[in-house]
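Each chain, written out:
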Amino acid sequence: MSRAAAGLALVIAALAPILLFDRFSYDFLFHQDRALMKRLAWAALAIPLLSVPPALLLGWHRSAAGVAERVARLGLRAPARSRALALLAVFAAGVLVSALVLLHFPNSADEFSYLFQAETYASGRPWIDEHPVQAFVQFMHSKVLDGRWVGRFPPGWPAFLAPFLALGLPAWLVNPLVAAACVALLYVLGRRSFGERAGLLAAALFALSPFLILNAGAYYSHLFAALLSLIFALAGTRYLERPSASAALVAGLALGWLGLARTMNPLLLGAPFAVALLARRSWPHLLRGWPLALGGGAFLALLFAYNAVLTGDPTLPPTLVDDPKQTLGFVGGHTPARAWKFIQHRLLLLPRYTSGLFLFVYGLALVRGAQRRDLRWWDAYFALEVLGYSLYQNSSHDTYGPRYLFEAFPFAALRIAAACAPRAEGRPWAPVFSWLVALHLATALTGIVSTAWLHGHVIRERRDPIRAVEEAGLRNAVVFVASDTSPTRRMPKFDLVRNLPDVDDQPVVWAHFRKQELERIEAYYPERTFWVYQRPPDQVRGRLVPLDEWRASRAADPGV
């Protein structure tokens, strides 16, 4: 057999387990039996490791060993215009996923709460007055506090969305923009820290993954938090190298806004930075850091003021008022065993949205970084997110990957890229690692298609009431949601009632089906028509029934 044919056979042998992983892990992604899902996940994780022996042989195969190097040189020679087009492609991918896969649908109640808060701020109001028929129109993850209707989450991400909405731009446009900005900043951080090749590879590893592409089409706050984390990493690294007021101020503002968006992340990212700062044992580094404290403190004061106005207690956020169980630490029934389950769930889900080889390759990259003594302070972010969010009592459903690990994912991609930096050239195992990284990318690319298809399938089922309203052409109507949606992954009826701040101006008002109090909402909306959305449990599609028809059927059969 010729050397080229042998190389091709090794490539096929390495790719086969990757494709098998993609098909096998597809089966457990939305499986309702959690115990079975875990067993399937562990089995699926073992499959990509079958790619390692062919990768070892490829690494020592004379013809194949140089392929990765030639591809890298092509990327290094790419003009600036091509790199700008790559960022445009990331933005376009987010827009397409939002429009064609996720259908601009806020799949999670968290996402809708963010949109509600952003619309509220965009209208110039910090909250909405309690609605006269609040019990009918209130959505999940919102709360009425002393007559003020608010979303339950911190204001950092909605406040970023609000100016876009005030300008008339759609909310679904924002995260694709943020995704492209994240890729660009990761490239800059990688180039500054490890060289041009590492920057380009880190950007590719991050951009060419289902984790990024799907979240770019969603409304979650994690991409914005990742952007702020990258800004802090860049400014913090610059400050450690050469302390200046400007770098300290940018780092402080980024860390503060990060806390205003995702309260725990400043602790997880700021702690290793503080350790690195103290390790300098330099008075200039400590004394010139006051703008960092000033910038971060301003956002902390804003968060305390926000909580105080809404709940009366600066340290009590609306999130805890809405759900007192969502505390941090081993309190309220949370145990180390439950925290370990959270860790397992997220780490088992991560390969499906990155690659089956991701954890393996990332572990090797950490080992290589320790051997070469080029680990950076932000390398601790991923492990701290894994551990830190295991203390938070939320298992995060309706997500596009283990979202509580998302902010640290670009830093993990950079660590992998750093292991392929030029310092490794000439070592016998360097081509092996390059081929493992290439196989990781192959898995991620195949995963984009399959995960997008599956999420699109689920969302088409879940938004069935909206589909029914659109097909009926309803205007000036009230729709009572009387049934759940999606046989594939159930969406409860109480989560399908979603109204934006100006409820009474909506063409369709969504309402909880409170059978004993229907006269109240009928009296409040005398000019509107009333409908009931119902779906038989064994069918994907439901239908809209006029309220009078429902009443007639109930009179004939009281069990309806």
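Residues numbered from 1 in each chain as written. Predicted model: local features only at pLDDT ≥ 70, side-chain atom pairs only at ≥ 80, totals over all residues. Heavy atoms only, no water.

Student: What's the story with the overall build of the chain in this structure? I'm lost.
Tutor: Along the backbone of the chain there are 26 helices and 7 strands. Counting all 560 residues of the chain, 54% fall into the buried class. When contacts within the chain are restricted to residue pairs at least 6 apart in sequence, long-range pairs at least 24 apart make up 77% of them. When the accessible area of the chain is evaluated, it comes to approximately 23900 Å², of which 65% is carbon and sulfur surface. (Helix = DSSP H or I, 4+ residues; strand = E, 2+ residues; numbered from the N terminus. Buried < 20%, exposed > 50% of the residue type's maximum accessible area, 1.4 Å probe, protein only. Contact = heavy atoms within 4.5 Å. Areas by Shrake-Rupley, 256 points an atom, 1.4 Å probe, with all protein chains shown as cover.)

Student: Sorry, what's going on with the pairing of strand 2 (residues 142-145) here?
Tutor: Regular strands place side chains that alternate from one sheet face to the opposite one. Looking at chain direction, strand 2 and strand 3 (residues 148-151) are connected through 4 bridges and run antiparallel. Bridge pairing in strand 3 links Leu145 to Arg148. Between strand 2 and strand 3, which pair antiparallel in sequence order, lie 2 residues; one of them, Asp146, sits at a positive phi of approximately 55°. (Pairing = 2+ DSSP bridges.)

Student: Would you mind showing me how to read the nonpolar core here?
Tutor: Considering soluble globular proteins, one finds that nonpolar side chains tend to be buried as a cluster. Counting residues in hydrophobic clusters, the biggest one holds 124 residues, and the most contacted among them are Phe206, Leu212, Trp377, Phe382 and Ile416. For this core, the leading source of residues is helix 13 (residues 222-241), giving 13 residues. Once residues within four sequence positions are removed from consideration, Ile416 is found in contact with Leu205, Phe358, Val361, Tyr362, Ala365, Phe433 and Val437. Counting 23 residues, the second-largest nonpolar core is a separate cluster that includes Phe116, Phe139, Val478 and Val545. (Core = buried A, V, L, I, M, F, W, Y, C linked by side-chain atoms within 4.5 Å.)

Student: Where do I start with the sheet that holds strand 1 (residues 128-129) in this structure?
Tutor: Within a sheet, neighbouring strands are paired by backbone hydrogen bonds and run either parallel or antiparallel to one another. With respect to topology, 3 strands assemble into an open sheet ordered 1-3-2, the strand pairing being antiparallel. The sheet is open, and its two borders are formed by strand 1 and strand 2, each paired with just one other strand. Lying on the sheet, helix 7 (residues 109-122) is in contact with strand 1 and strand 3; it crosses strand 3 at an angle near 125°. Sheet contacts for helix 17 (residues 290-311): strand 2 and strand 3; angle to strand 3, the most-contacted strand, approximately 140°. (Axes fitted to C-alpha atoms, helices over the stretch in contact; angles between N-to-C directions.)

Student: Would you take a moment to explain the pattern of salt bridges for this structure?
Tutor: Side chains bearing opposite charge may pair, as long as their charged atoms lie close to each other. This structure, assessed with the given rule, holds 17 salt bridges. Across the pair Arg403 and Asp110 runs a salt bridge, and its minimum N-O distance is 3.0 Å. You can see Arg403 sitting in the loop between helix 21 (380-388) and helix 22 (409-418) and its partner Asp110 sitting in helix 7, a full 293 residues away along the chain. Judged by its relative accessible area of 3%, Arg403 falls in the buried class. Where Asp374 meets Arg415, a salt bridge forms, and the shortest distance between an N and an O atom there is 3.3 Å. Separated by 41 residues along the polypeptide, Asp374 in the loop between helix 20 (358-372) and helix 21 and Arg415 in helix 22 bring together distant segments of the chain. (Salt bridge = Lys/Arg side-chain N within 4 Å of Asp/Glu carboxyl O.)

Student: What should I look at first to understand the packing of aromatic side chains in this one?
Tutor: In this description, a pair of aromatic rings is defined by centroid distance and the angle of the planes. Overall, the coordinates contain 36 aromatic pairs when judged by the stated rule. Ring geometry for Phe160 against Phe164: centres 5.6 Å apart, planes inclined by 55°, an arrangement best described as tilted. Within this pair, Phe160 and its partner Phe164 are both found in helix 9 (residues 156-166), separated by 4 residues, close to a single helical turn. A residue is classified by how much of its surface remains accessible, and Phe164, at 21% relative accessible area, is partly exposed. Here Phe513 and Trp550 contribute two aromatic rings whose centre-to-centre distance is 4.9 Å and whose plane-to-plane angle is 70°, an arrangement assigned as edge-to-face. Pair noted here: Phe513 is in the loop between strand 5 (508-512) and helix 25 (518-524) and Trp550 is in helix 26 (residues 547-556), with a separation of 37 residues, a long-range link. Members of the aromatic cluster, connected to one another through ring pairs, are Phe206, Phe211, Tyr353, Phe358, Tyr362, Phe382, Phe406 and Phe409. Directly above the ring of Trp127 sits Arg148, whose terminal nitrogen or CZ lies 4.8 Å from the centroid. (Phe/Tyr/Trp six-rings, centres within 6.5 Å; stacked < 30°, edge-to-face > 60°. Lys NZ or Arg CZ within 6 Å of the ring centre and 35° of its normal.)

Student: Explain the sheet that holds strand 7 (residues 543-546) to me, please; I cannot follow it from the model alone.
Tutor: Strand order in the open sheet formed by 4 strands is 5-4-6-7, and the pairing between neighbours is mixed. At either end of the open sheet lies a strand with only one pairing partner, and these are strand 5 and strand 7. Each neighbouring strand pair of the sheet contributes to a mean axis angle of 30°, computed without reference to strand direction. Of the pairings in the sheet, the one linking strand 4 (residues 477-481) to strand 6 (residues 529-534) comprises 5 bridges and is parallel in character. Bridging from a neighbouring strand, Ala477 pairs with Thr529 of strand 6. On the sheet, helix 24 (residues 464-472) packs against strand 4, strand 5, strand 6 and strand 7 and is oriented at approximately 140° with respect to strand 5.

Student: Help me understand the side chain of His512 in this model?
Tutor: Residue placement: His512 occurs in strand 5. The exposure class of His512 is buried, given its relative accessible area of 18%. Excluding residues that lie within four positions of it along the chain, His512 makes contacts with Ala135, Phe136, Val137, Gln138, Phe480, Phe494 and Val497.

Student: When you look at a nonpolar patch on the surface in this model, what are you seeing that I'm missing?
Tutor: A contiguous nonpolar patch, built from Leu278, Trp283, Leu286 and Leu287 and spanning about 480 Å² of accessible area, is present on the exposed surface. Here the nonpolar patch takes 3 residues from helix 16 (residues 283-287), the largest share from any one element. Secondary-structure assignment places Leu287 in helix 16. Accessibility expressed as a relative area gives 58% for Leu287, which makes it exposed. (Patch = residues over 30% accessible without salt bridge, like charges linked within 9 Å, V, L, I, M, F, W, Y side chains within 5 Å.)

Student: Explain the packing of helix 7 against helix 9 here, please?
Tutor: Interaxial distance between helix 7 and helix 9 falls to 7 Å at its minimum, and their mutual angle equals 55°. What the angle tells us is that helix 7 and helix 9 run oblique. The way helix 7 lies across helix 9 gives a crossing that is right-handed. Between helix 7 and helix 9, the residues in contact are Tyr114, Leu115, Gln117, Ala118, Glu119, Tyr121 and Ala122 and Trp157, Pro158, Ala159, Leu161, Ala162, Leu165 and Ala166, respectively. Counted by class, the contact of helix 7 with helix 9 contains 12 nonpolar, 1 polar and 1 charged residues. (Parallel < 35°, antiparallel > 145°, perpendicular 65-115°, else oblique. Left-handed = near helix turned anticlockwise from the far one by under 90°. Nonpolar A, V, L, I, M, F, W, Y, C, P; charged D, E, K, R; others polar.)

Purely geometric numbers; function is a separate question.
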